[in-house]
Amino acid sequence: QVQLVDSGGGLVQPGNSLKLSCAAAGYTFGNGFVAWFRQAPGKEREFVAALRWRSRHTYYADSVKGRFTISRDNDRSTAYLQMNMLTPEDTAVFYCAAGSRVILSSYSNPEQYDYWGQGTQVTVSS
């Protein structure tokens, strides 16, 4: 059974950094995509970043471009989200997701992803 485990969330002050991890169990990313989404209370799930596993090509939401970096290990089935210059508006539950048949033009659509992590809370507050 495929299982994604996302972790690394916590409480940080504005301007600080945090790194999230997404580990896959029983899954090989192959030429598919891994992505990060987030959802704040009362808000819809929002695309954050995506990575095409084999090529390492990356995609970012405008709101995080220049601050966040998605990456992966060379050999391990683990993806990361490095978050810098965090603001209170980044506060949300962050979810990692994986999909093997993601349409390139729709990588930001959560319906394109087949597997999801349980979510990890990121709180940015002074």
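Residues numbered from 1 in each chain as written. Predicted model: local features only at pLDDT ≥ 70, side-chain atom pairs only at ≥ 80, totals over all residues. Heavy atoms only, no water.

Honestly, the overall build of the protein in this entry has me stumped. Any pointers?
A tally of helices and strands in the protein yields zero helices and eleven strands. Each helix and strand of the protein, placed in order from N terminus to C terminus, yields the pattern β-β-β-β-β-β-β-β-β-β-β. Relative to the globule expectation of 14 Å for 126 residues, the C-alpha radius of gyration of the protein, 13 Å, shows essentially globular dimensions. Considered along the principal axes of its C-alpha atoms, the protein spans approximately 40 × 25 × 25 Å. A sequence separation of at least 24 residues applies to 56% of the contacts in the protein between residues at least 6 apart. Between the mean site of the 12 positive side-chain charges and the mean site of the 10 negative ones, the protein shows a separation of 7 Å. (Helix = DSSP H or I, 4+ residues; strand = E, 2+ residues; numbered from the N terminus. Rg over C-alpha atoms; globule rule 2.2 N^0.38 Å. Contact = heavy atoms within 4.5 Å. Lys, Arg positive; Asp, Glu negative; His and termini not counted. Charge placed at Lys NZ, Arg CZ, Asp CG, Glu CD.)

Before we go on, may I ask you to explain the pattern of salt bridges in this structure?
Pairing between side chains becomes possible if they bear opposite charge and their charged atoms approach one another. Across all of its chains, the model carries three salt bridges by this definition. Among the ionic pairs, R38 bridges to E46, the shortest N-O distance being 2.9 Å. A relative accessible area of 6% places R38 in the buried class. E46 sits in the partly exposed class, given a relative accessible area of 32%. Between R38 and D90 there is a salt bridge; the shortest N-O distance is 2.8 Å. Residue R38 is located in strand β4 (residues 33-39), and its partner D90 is located in the loop between β8 (78-83) and β9 (92-99); the two are separated by 52 residues in the primary sequence. We classify D90 as buried; its relative accessible area is 1%. (Salt bridge = Lys/Arg side-chain N within 4 Å of Asp/Glu carboxyl O. Buried < 20%, exposed > 50% of the residue type's maximum accessible area, 1.4 Å probe, protein only.)

Would you take a moment to explain the packing of aromatic side chains for this structure?
Any two aromatic rings considered together are summarised by their centre-to-centre distance and by the angle between their planes. Under the defined criterion, the tally for this structure stands at seven aromatic pairs. Judged by centre distance (5.5 Å) and plane angle (75 degrees), the rings of F37 and Y113 are edge-to-face. One end of the pair, F37, is in strand β4; the other, Y113, is in the loop between β9 and β10 (115-116), and 76 residues separate them in sequence. By relative accessible area, F37 is classed as buried at 0%. Judged by relative accessible area, Y113 falls into the buried class, the value being 5%. With 4.3 Å between their ring centres and 35 degrees between their planes, Y59 and Y107 make a pair best called tilted. Here the residue Y59 occupies a position in strand β6 (residues 58-60), and Y107 occupies one in the loop between β9 and β10, the gap between them amounting to 48 residues. Owing to a relative accessible area of 21%, Y107 belongs among the partly exposed residues under this scheme. Aromatic ring contacts, followed pair by pair, group F33, F37, F47, Y59, Y107, Y113 and W116 into a single cluster. Its guanidinium or amino end placed over the ring of Y80, K19 lies 4.7 Å from that ring's centre, counting from NZ or CZ. If you follow R45 out to its NZ or CZ, it ends over the ring of Y95, 4.0 Å from the centre. (Phe/Tyr/Trp six-rings, centres within 6.5 Å; stacked < 30°, edge-to-face > 60°. Lys NZ or Arg CZ within 6 Å of the ring centre and 35° of its normal.)

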